[in-house]
Amino acid sequence: MRVLVINSGSSSLKYQVRDTDTNEVAANGLIDRIGEGAGGPADHGEAMDQVAAALEDELAQRPLDAVGHRVVHGGERFSEPVLINNEITRSIERLNPLAPLHNPANVLGIRAIAAKWPHMPQVAVFDTAFHRTLPEHAWRYAIPDELYRQYGIRRYGFHGTSHQFVTGRAAELLGVPVHAFNAVVAHLGNGVSLTAIQGGASIDTSMGFTPLEGLVMGTRSGDVDPSILIFLQRQGMSAQDIDTMLNKESGLKALFGDNDMRAIVDAANAGNARATLALEIASYRLAKYIGGYHVAVGGAQALVFTAGIGENSADFRALVVSRLSALGVKLDGAANLVRSREPRVVSAPDSLIPVLVVPTDEEQAIAEATAAVVRGE
Ligand code: ADP
(Lines give C-alpha, C1' and ligand atoms only; values in the text may rest on other atoms or scores of the structure.)
Protein backbone atom coordinates (compact mmCIF):
# COMPACT_ATOMS: atom_id res chain seq x y z
CA MET A 1 0.00 0.00 0.00
CA ARG A 2 1.02 3.60 -0.58
CA VAL A 3 0.45 5.67 2.53
CA LEU A 4 0.94 9.39 3.04
CA VAL A 5 2.13 9.78 6.63
CA ILE A 6 1.46 13.13 8.30
CA ASN A 7 3.40 14.00 11.44
CA SER A 8 2.38 17.43 12.71
CA GLY A 9 4.39 19.28 15.33
CA SER A 10 3.23 22.50 16.92
CA SER A 11 4.69 24.64 14.12
CA SER A 12 5.82 22.04 11.60
CA LEU A 13 4.43 19.32 9.39
CA LYS A 14 6.56 16.37 8.27
CA TYR A 15 5.21 14.18 5.51
CA GLN A 16 6.31 11.00 3.78
CA VAL A 17 4.82 8.79 1.11
CA ARG A 18 5.68 5.23 2.17
CA ASP A 19 5.25 1.97 0.33
CA THR A 20 4.42 -0.54 3.05
CA ASP A 21 5.38 -3.54 0.89
CA THR A 22 8.91 -2.35 0.05
CA ASN A 23 9.33 0.15 2.91
CA GLU A 24 10.48 2.63 0.23
CA VAL A 25 10.13 6.37 0.91
CA ALA A 26 8.68 7.65 -2.39
CA ALA A 27 8.53 11.29 -1.33
CA ASN A 28 9.03 13.32 1.80
CA GLY A 29 9.26 16.85 3.03
CA LEU A 30 8.98 19.27 5.89
CA ILE A 31 6.93 22.43 6.13
CA ASP A 32 7.97 24.51 9.09
CA ARG A 33 7.39 27.94 10.61
CA ILE A 34 3.65 27.30 10.41
CA GLY A 35 1.69 30.17 11.94
CA GLU A 36 4.86 32.24 12.40
CA GLY A 37 3.99 34.81 9.72
CA ALA A 38 6.66 35.95 7.20
CA GLY A 39 4.72 34.50 4.27
CA GLY A 40 4.65 30.93 5.61
CA PRO A 41 1.45 28.89 5.92
CA ALA A 42 -1.04 30.40 8.38
CA ASP A 43 -2.04 27.05 9.88
CA HIS A 44 -1.80 23.28 9.42
CA GLY A 45 -4.72 23.34 6.95
CA GLU A 46 -2.75 25.63 4.63
CA ALA A 47 0.37 23.54 5.18
CA MET A 48 -1.60 20.44 4.11
CA ASP A 49 -2.61 22.24 0.89
CA GLN A 50 1.10 22.86 0.23
CA VAL A 51 1.83 19.17 0.77
CA ALA A 52 -0.87 18.18 -1.74
CA ALA A 53 0.55 20.64 -4.28
CA ALA A 54 4.11 19.36 -3.75
CA LEU A 55 2.96 15.75 -4.27
CA GLU A 56 0.85 16.40 -7.38
CA ASP A 57 3.26 14.86 -9.91
CA GLU A 58 4.16 11.92 -7.69
CA LEU A 59 0.49 11.08 -7.01
CA ALA A 60 -0.48 11.48 -10.68
CA GLN A 61 1.89 8.58 -11.41
CA ARG A 62 0.96 6.38 -8.45
CA PRO A 63 -2.08 7.35 -6.37
CA LEU A 64 -2.29 6.99 -2.62
CA ASP A 65 -4.21 4.22 -0.89
CA ALA A 66 -4.53 5.99 2.46
CA VAL A 67 -3.33 8.78 4.73
CA GLY A 68 -2.03 8.00 8.21
CA HIS A 69 -1.90 10.71 10.87
CA ARG A 70 0.19 10.72 14.00
CA VAL A 71 -2.33 11.97 16.57
CA VAL A 72 -0.80 12.89 19.88
CA HIS A 73 -3.65 12.46 22.36
CA GLY A 74 -6.19 9.66 22.15
CA GLY A 75 -7.56 10.29 25.63
CA GLU A 76 -9.53 7.51 27.33
CA ARG A 77 -11.25 6.47 24.14
CA PHE A 78 -8.58 5.39 21.69
CA SER A 79 -6.51 2.34 22.48
CA GLU A 80 -5.56 1.49 18.90
CA PRO A 81 -5.37 3.05 15.42
CA VAL A 82 -8.79 3.90 13.90
CA LEU A 83 -10.31 4.74 10.54
CA ILE A 84 -11.27 8.42 10.66
CA ASN A 85 -14.77 9.77 10.02
CA ASN A 86 -16.39 13.08 11.08
CA GLU A 87 -17.30 11.73 14.49
CA ILE A 88 -13.74 10.54 15.14
CA THR A 89 -12.37 13.93 14.04
CA ARG A 90 -14.70 15.71 16.49
CA SER A 91 -13.59 13.32 19.19
CA ILE A 92 -9.92 14.16 18.51
CA GLU A 93 -10.87 17.86 18.54
CA ARG A 94 -12.50 17.49 21.95
CA LEU A 95 -9.10 16.35 23.24
CA ASN A 96 -7.42 19.64 22.13
CA PRO A 97 -7.09 21.00 25.69
CA LEU A 98 -5.07 17.92 26.68
CA ALA A 99 -2.40 18.42 23.97
CA PRO A 100 -2.55 22.11 23.06
CA LEU A 101 0.64 21.98 20.98
CA HIS A 102 -0.50 19.10 18.79
CA ASN A 103 -4.13 17.95 18.55
CA PRO A 104 -5.47 21.14 16.89
CA ALA A 105 -2.84 20.72 14.17
CA ASN A 106 -3.95 17.12 13.57
CA VAL A 107 -7.59 18.14 13.22
CA LEU A 108 -6.79 20.88 10.68
CA GLY A 109 -4.69 18.43 8.65
CA ILE A 110 -7.42 15.75 8.68
CA ARG A 111 -10.09 18.23 7.56
CA ALA A 112 -7.89 19.70 4.81
CA ILE A 113 -7.40 16.21 3.34
CA ALA A 114 -11.09 15.33 3.68
CA ALA A 115 -11.94 18.51 1.76
CA LYS A 116 -9.37 17.87 -0.97
CA TRP A 117 -9.71 14.07 -1.34
CA PRO A 118 -13.17 13.18 0.07
CA HIS A 119 -12.87 9.43 -0.60
CA MET A 120 -9.37 8.93 0.80
CA PRO A 121 -9.27 6.57 3.80
CA GLN A 122 -7.60 8.37 6.71
CA VAL A 123 -6.30 6.62 9.81
CA ALA A 124 -5.36 8.11 13.18
CA VAL A 125 -2.44 6.45 14.95
CA PHE A 126 -2.40 7.61 18.54
CA ASP A 127 0.71 8.39 20.54
CA THR A 128 -1.10 7.24 23.67
CA ALA A 129 -2.22 3.79 22.45
CA PHE A 130 0.92 1.77 23.35
CA HIS A 131 0.60 2.91 26.97
CA ARG A 132 -2.88 1.45 27.46
CA THR A 133 -1.15 -1.49 29.17
CA LEU A 134 -0.10 0.68 32.12
CA PRO A 135 -1.37 -0.88 35.35
CA GLU A 136 -3.67 1.30 37.43
CA HIS A 137 -1.00 1.87 40.07
CA ALA A 138 1.07 3.57 37.34
CA TRP A 139 -1.67 5.57 35.60
CA ARG A 140 -3.67 6.83 38.58
CA TYR A 141 -2.83 10.15 40.26
CA ALA A 142 -3.29 10.41 44.03
CA ILE A 143 -6.10 12.95 43.67
CA PRO A 144 -9.87 12.56 44.19
CA ASP A 145 -11.46 9.87 42.04
CA GLU A 146 -14.13 12.35 40.96
CA LEU A 147 -11.56 14.12 38.77
CA TYR A 148 -10.79 10.90 36.91
CA ARG A 149 -14.48 10.06 36.42
CA GLN A 150 -15.57 13.55 35.41
CA TYR A 151 -12.60 14.74 33.32
CA GLY A 152 -10.59 11.62 32.60
CA ILE A 153 -7.65 12.98 34.59
CA ARG A 154 -5.14 10.14 34.67
CA ARG A 155 -1.76 9.40 33.16
CA TYR A 156 -1.89 8.48 29.45
CA GLY A 157 1.71 8.63 28.21
CA PHE A 158 2.91 9.68 24.73
CA HIS A 159 5.51 8.82 22.06
CA GLY A 160 3.89 5.37 22.12
CA THR A 161 4.40 4.67 18.42
CA SER A 162 8.10 5.35 18.81
CA HIS A 163 8.50 3.40 22.06
CA GLN A 164 6.72 0.40 20.54
CA PHE A 165 8.80 0.46 17.37
CA VAL A 166 12.10 0.91 19.22
CA THR A 167 11.24 -1.84 21.71
CA GLY A 168 10.70 -4.28 18.85
CA ARG A 169 13.94 -3.35 17.11
CA ALA A 170 15.95 -3.51 20.35
CA ALA A 171 14.62 -6.98 21.20
CA GLU A 172 15.46 -8.08 17.67
CA LEU A 173 19.01 -6.73 17.94
CA LEU A 174 19.56 -8.66 21.18
CA GLY A 175 17.87 -11.82 19.89
CA VAL A 176 15.25 -11.77 22.67
CA PRO A 177 11.56 -12.50 21.88
CA VAL A 178 9.81 -9.16 22.38
CA HIS A 179 7.18 -10.67 24.72
CA ALA A 180 10.02 -11.65 27.08
CA PHE A 181 11.89 -8.35 26.83
CA ASN A 182 12.34 -5.98 29.77
CA ALA A 183 13.93 -2.63 29.03
CA VAL A 184 14.08 1.08 29.72
CA VAL A 185 13.58 3.13 26.54
CA ALA A 186 14.58 6.81 26.42
CA HIS A 187 13.02 8.85 23.61
CA LEU A 188 15.05 12.07 23.67
CA GLY A 189 13.90 14.58 21.05
CA ASN A 190 12.39 18.01 21.56
CA GLY A 191 9.83 16.07 23.54
CA VAL A 192 11.41 13.65 26.01
CA SER A 193 9.89 10.52 27.52
CA LEU A 194 11.10 7.40 29.23
CA THR A 195 9.18 4.12 29.13
CA ALA A 196 9.45 1.04 31.34
CA ILE A 197 9.00 -2.06 29.17
CA GLN A 198 8.08 -5.38 30.77
CA GLY A 199 7.38 -8.37 28.59
CA GLY A 200 7.40 -6.06 25.55
CA ALA A 201 4.57 -3.90 26.98
CA SER A 202 4.62 -0.42 28.45
CA ILE A 203 4.12 -0.61 32.23
CA ASP A 204 5.13 2.97 33.04
CA THR A 205 6.06 6.10 31.17
CA SER A 206 7.22 9.55 32.20
CA MET A 207 4.64 11.68 30.34
CA GLY A 208 1.23 11.73 31.97
CA PHE A 209 -2.11 13.48 31.48
CA THR A 210 -0.40 15.60 28.83
CA PRO A 211 3.07 15.50 27.22
CA LEU A 212 4.25 18.00 29.85
CA GLU A 213 4.93 15.62 32.74
CA GLY A 214 8.26 14.01 33.46
CA LEU A 215 11.69 14.90 32.14
CA VAL A 216 13.34 18.18 31.11
CA MET A 217 12.50 18.78 27.42
CA GLY A 218 13.41 21.30 24.71
CA THR A 219 10.85 23.90 25.78
CA ARG A 220 8.76 21.99 28.36
CA SER A 221 9.46 21.93 32.08
CA GLY A 222 8.64 18.32 32.89
CA ASP A 223 7.85 17.69 36.58
CA VAL A 224 7.39 20.73 38.80
CA ASP A 225 5.70 21.12 42.17
CA PRO A 226 2.04 21.75 41.21
CA SER A 227 1.84 24.37 43.95
CA ILE A 228 4.05 26.63 41.84
CA LEU A 229 1.18 26.99 39.37
CA ILE A 230 -1.30 27.86 42.09
CA PHE A 231 1.18 30.36 43.51
CA LEU A 232 1.68 31.99 40.10
CA GLN A 233 -2.05 32.20 39.51
CA ARG A 234 -2.37 34.01 42.85
CA GLN A 235 0.36 36.42 41.66
CA GLY A 236 -1.91 37.28 38.71
CA MET A 237 -0.61 35.02 35.95
CA SER A 238 -3.44 33.69 33.78
CA ALA A 239 -3.96 30.02 32.95
CA GLN A 240 -2.87 30.84 29.38
CA ASP A 241 0.33 32.54 30.59
CA ILE A 242 1.18 29.53 32.74
CA ASP A 243 0.41 27.12 29.91
CA THR A 244 2.69 29.04 27.53
CA MET A 245 5.42 29.33 30.15
CA LEU A 246 5.44 25.59 30.91
CA ASN A 247 5.07 24.34 27.32
CA LYS A 248 7.03 26.88 25.31
CA GLU A 249 9.38 28.84 27.55
CA SER A 250 10.73 26.23 29.92
CA GLY A 251 13.03 23.21 29.70
CA LEU A 252 16.43 23.57 28.04
CA LYS A 253 15.29 26.84 26.47
CA ALA A 254 14.74 28.35 29.91
CA LEU A 255 17.90 26.87 31.40
CA PHE A 256 20.26 27.84 28.57
CA GLY A 257 18.37 30.14 26.19
CA ASP A 258 18.28 27.71 23.26
CA ASN A 259 16.74 24.25 23.00
CA ASP A 260 19.11 22.83 20.37
CA MET A 261 21.24 20.14 22.04
CA ARG A 262 24.15 20.78 19.65
CA ALA A 263 24.28 24.45 20.65
CA ILE A 264 24.14 23.54 24.35
CA VAL A 265 26.94 20.97 24.11
CA ASP A 266 29.11 23.35 22.05
CA ALA A 267 28.56 26.14 24.58
CA ALA A 268 29.31 23.83 27.52
CA ASN A 269 32.52 22.69 25.83
CA ALA A 270 33.46 26.37 25.38
CA GLY A 271 33.06 26.95 29.12
CA ASN A 272 29.51 28.37 29.27
CA ALA A 273 28.29 27.76 32.84
CA ARG A 274 24.57 27.98 32.00
CA ALA A 275 24.98 25.34 29.29
CA THR A 276 26.83 23.05 31.70
CA LEU A 277 24.12 23.47 34.33
CA ALA A 278 21.36 22.79 31.76
CA LEU A 279 23.09 19.52 30.79
CA GLU A 280 23.57 18.58 34.44
CA ILE A 281 19.92 19.17 35.29
CA ALA A 282 18.59 17.29 32.24
CA SER A 283 20.95 14.32 32.64
CA TYR A 284 20.47 14.11 36.42
CA ARG A 285 16.69 14.05 36.13
CA LEU A 286 16.84 11.42 33.37
CA ALA A 287 19.27 9.20 35.30
CA LYS A 288 16.96 9.24 38.36
CA TYR A 289 14.01 8.12 36.22
CA ILE A 290 16.11 5.40 34.55
CA GLY A 291 17.00 4.02 37.98
CA GLY A 292 13.33 4.08 38.95
CA TYR A 293 12.21 2.26 35.80
CA HIS A 294 14.98 -0.33 36.16
CA VAL A 295 13.29 -1.16 39.48
CA ALA A 296 9.77 -0.93 37.97
CA VAL A 297 10.48 -3.59 35.33
CA GLY A 298 12.20 -5.88 37.83
CA GLY A 299 15.61 -5.43 36.20
CA ALA A 300 15.98 -4.17 32.65
CA GLN A 301 17.80 -6.27 30.05
CA ALA A 302 18.80 -3.14 28.15
CA LEU A 303 18.83 0.65 28.22
CA VAL A 304 17.81 2.04 24.84
CA PHE A 305 18.34 5.57 23.47
CA THR A 306 16.36 6.95 20.55
CA ALA A 307 15.17 10.18 18.76
CA GLY A 308 17.18 13.29 17.82
CA ILE A 309 19.27 13.62 20.97
CA GLY A 310 19.28 9.91 21.90
CA GLU A 311 20.49 8.87 18.45
CA ASN A 312 22.90 11.73 17.75
CA SER A 313 24.30 13.21 20.91
CA ALA A 314 27.16 11.03 22.11
CA ASP A 315 27.90 13.74 24.69
CA PHE A 316 24.44 13.63 26.25
CA ARG A 317 24.39 9.80 26.30
CA ALA A 318 27.78 9.83 28.02
CA LEU A 319 26.56 12.33 30.63
CA VAL A 320 23.48 10.24 31.43
CA VAL A 321 25.28 6.91 31.58
CA SER A 322 28.06 8.39 33.75
CA ARG A 323 25.36 8.85 36.42
CA LEU A 324 24.36 5.16 36.25
CA SER A 325 27.54 3.62 37.68
CA ALA A 326 25.56 2.28 40.66
CA LEU A 327 23.69 0.07 38.16
CA GLY A 328 26.97 -1.17 36.64
CA VAL A 329 26.12 0.42 33.28
CA LYS A 330 29.09 1.65 31.25
CA LEU A 331 29.54 2.97 27.73
CA ASP A 332 32.28 2.00 25.31
CA GLY A 333 33.88 5.35 24.46
CA ALA A 334 34.58 4.50 20.84
CA ALA A 335 31.30 2.68 20.16
CA ASN A 336 29.39 5.62 21.62
CA LEU A 337 31.03 7.96 19.09
CA VAL A 338 30.07 5.88 16.03
CA ARG A 339 27.47 7.64 13.87
CA SER A 340 25.05 5.32 12.12
CA ARG A 341 21.41 4.88 11.08
CA GLU A 342 21.52 1.25 12.26
CA PRO A 343 20.54 -0.11 15.68
CA ARG A 344 23.74 -0.71 17.65
CA VAL A 345 25.31 -1.51 21.02
CA VAL A 346 27.27 1.37 22.57
CA SER A 347 28.07 -0.11 26.00
CA ALA A 348 31.35 -1.54 27.26
CA PRO A 349 31.72 -5.35 27.21
CA ASP A 350 31.67 -5.41 31.03
CA SER A 351 28.56 -3.22 31.34
CA LEU A 352 25.97 -5.04 33.48
CA ILE A 353 23.33 -4.55 30.79
CA PRO A 354 23.80 -3.42 27.18
CA VAL A 355 23.14 0.18 26.20
CA LEU A 356 21.66 0.45 22.72
CA VAL A 357 21.06 3.23 20.22
CA VAL A 358 18.04 2.36 18.09
CA PRO A 359 16.93 4.93 15.51
CA THR A 360 13.20 5.44 15.68
CA ASP A 361 11.04 5.49 12.55
CA GLU A 362 7.60 6.72 13.51
CA GLU A 363 6.66 7.13 9.83
CA GLN A 364 7.30 3.46 9.10
CA ALA A 365 5.31 2.40 12.15
CA ILE A 366 2.42 4.75 11.24
CA ALA A 367 2.39 3.59 7.59
CA GLU A 368 2.22 -0.07 8.67
CA ALA A 369 -0.53 0.60 11.22
CA THR A 370 -2.51 2.61 8.65
CA ALA A 371 -2.28 -0.14 6.05
CA ALA A 372 -3.43 -2.71 8.62
CA VAL A 373 -6.52 -0.64 9.55
CA VAL A 374 -7.45 -0.01 5.90
CA ARG A 375 -7.12 -3.74 5.15
CA GLY A 376 -9.40 -4.40 8.12
CA GLU A 377 -6.76 -6.32 10.07
P1 ADP B 1 11.16 16.15 17.70
O2 ADP B 1 10.69 15.82 19.06
O3 ADP B 1 10.89 17.57 17.29
O4 ADP B 1 10.82 15.11 16.65
P5 ADP B 1 13.87 15.23 17.29
O6 ADP B 1 13.70 13.81 17.63
O7 ADP B 1 14.15 15.60 15.88
O8 ADP B 1 12.73 16.15 17.86
O9 ADP B 1 15.07 15.79 18.18
C10 ADP B 1 15.41 17.14 18.22
C11 ADP B 1 16.63 17.31 19.12
O12 ADP B 1 17.70 16.49 18.62
C13 ADP B 1 17.17 18.73 19.20
O14 ADP B 1 17.47 19.04 20.55
C15 ADP B 1 18.46 18.66 18.41
O16 ADP B 1 19.39 19.57 18.91
C17 ADP B 1 18.90 17.24 18.67
N18 ADP B 1 19.84 16.78 17.66
C19 ADP B 1 19.61 16.54 16.36
N20 ADP B 1 20.76 16.20 15.72
C21 ADP B 1 21.74 16.24 16.66
C22 ADP B 1 23.15 16.01 16.66
N23 ADP B 1 23.80 15.67 15.55
N24 ADP B 1 23.81 16.15 17.83
C25 ADP B 1 23.16 16.51 18.94
N26 ADP B 1 21.86 16.74 19.02
C27 ADP B 1 21.15 16.62 17.90
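Residues numbered from 1 in each chain as written. Predicted model: local features only at pLDDT ≥ 70, side-chain atom pairs only at ≥ 80, totals over all residues. Heavy atoms only, no water.

Comments concerning the environment of alanine 53
You can see alanine 53 is positioned in helix α1 (residues 44–54). Since its relative accessible area comes to 47%, alanine 53 is described here as partly exposed. Linking alanine 53 and serine 250, residues 197 residues apart in sequence, is a C-alpha distance of 36 Å. (Helix = DSSP H or I, 4+ residues; strand = E, 2+ residues; numbered from the N terminus. Buried < 20%, exposed > 50% of the residue type's maximum accessible area, 1.4 Å probe, protein only.)

Observations concerning the pairing of strand β8 (residues 192–198)
The buried fraction of β8 amounts to 6 of the 7 residues, a majority that puts the element mostly inside the structure. Sheet analysis places strand β7 (residues 183–188) next to β8, joined by 6 bridges and oriented antiparallel. Within β8, the position partnered with histidine 187 by the bridge is serine 193. The turn joining β7 and β8, which pair antiparallel and follow one another in sequence, is formed by 3 residues. The sheet contact formed by β8 and strand β9 (residues 201–205) spans 4 bridges and is antiparallel. Across the sheet, the residue bridging to alanine 196 is aspartate 204, located in β9. Linkage of β8 to β9, two consecutive antiparallel strands, is achieved through a turn of 2 residues, within which glycine 199 is found at a positive phi near 60°. (Pairing = 2+ DSSP bridges.)

Concerning the packing of aromatic side chains
If you walk through the whole model with that rule in mind, you get 4 aromatic pairs. The interplanar angle of 35° and the centroid separation of 6.2 Å between the aromatic rings of tyrosine 156 and phenylalanine 209 together place this pair among those described as tilted. Here tyrosine 156 is found in the loop between α6 (145–151) and α7 (160–174), whereas its partner phenylalanine 209 is found in the loop between β9 and α8 (227–234), with 53 residues between them in sequence. The ring centre of tryptophan 139 lies 4.2 Å from the NZ or CZ of arginine 154, which sits over that ring. (Phe/Tyr/Trp six-rings, centres within 6.5 Å; stacked < 30°, edge-to-face > 60°. Lys NZ or Arg CZ within 6 Å of the ring centre and 35° of its normal.)

Points about the pattern of salt bridges
All told, the structure shown has 19 salt bridges when counted by the stated rule. Its salt-bridge partner being glutamate 58, residue arginine 2 comes within 2.8 Å of it at the nearest N-O pair. Residue arginine 2 is located in strand β1 (residues 2–8), and its partner glutamate 58 is located in helix α2 (residues 56–61); the two are separated by 56 residues in the primary sequence. Taking the relative accessible area as the measure of exposure, arginine 2 reaches 6% and is therefore buried. Among the ionic pairs, lysine 330 bridges to aspartate 350, the shortest N-O distance being 2.6 Å. Of this pair, lysine 330 sits in the loop between α14 (314–322) and α15 (333–337) while aspartate 350 is found in the loop between β11 (344–345) and β12 (355–357), placing the two residues 20 residues apart along the sequence. Given a relative accessible area of 39%, lysine 330 falls into the partly exposed group. Salt bridges linked by common partners bring Glu136, Arg140, Asp145, Glu146 and Arg149 together as one network. (Salt bridge = Lys/Arg side-chain N within 4 Å of Asp/Glu carboxyl O.)

A word on the sheet that holds strand β10 (residues 303–306)
Across the sheet, 6 strands lie side by side as β9-β8-β7-β10-β12-β11; this open sheet has mixed pairing. Two strands in the sheet have a free side with no partner beyond their single neighbour: β9 and β11. Sheet strands touched by α14: β7, β10, β11 and β12. Its angle to β10, the strand with the most contacts, is close to 155°. (Contact = heavy atoms within 4.5 Å. Axes fitted to C-alpha atoms, helices over the stretch in contact; angles between N-to-C directions.)

Some details on the UniProt feature "binding site: Mg(2+)" (unreviewed entry) in the chain
The feature "binding site: Mg(2+)" (unreviewed entry), as given by UniProt, occupies Asn7 and Glu362 in the numbering adopted here. The named residues occupy 356 residues along the chain; their greatest pairwise C-alpha distance, 8.7 Å, places them in one compact cluster. Secondary-structure assignment places asparagine 7 in strand β1. Setting aside chain neighbours within four positions, we find asparagine 7 in contact with Ser12, Leu13, Lys14, Arg70, Glu362 and Glu363. Within the local environment of asparagine 7, its side chain forms a polar contact with the side chain of arginine 70, the two groups lying 3.2 Å apart. Its location among the elements puts glutamate 362 in helix α16 (residues 362–374). A relative accessible area of 11% places glutamate 362 in the buried class. Those residues in contact with glutamate 362 that sit more than four places away from it in its chain are Asn7, Arg70, Asp127, Thr161 and Ser162. (UniProt positions renumbered as here; feature names shortened; annotations may be inferred. Polar contact = N/O pair within 3.5 Å; in protein donor to acceptor, adjacent residues only side chain to side chain.)

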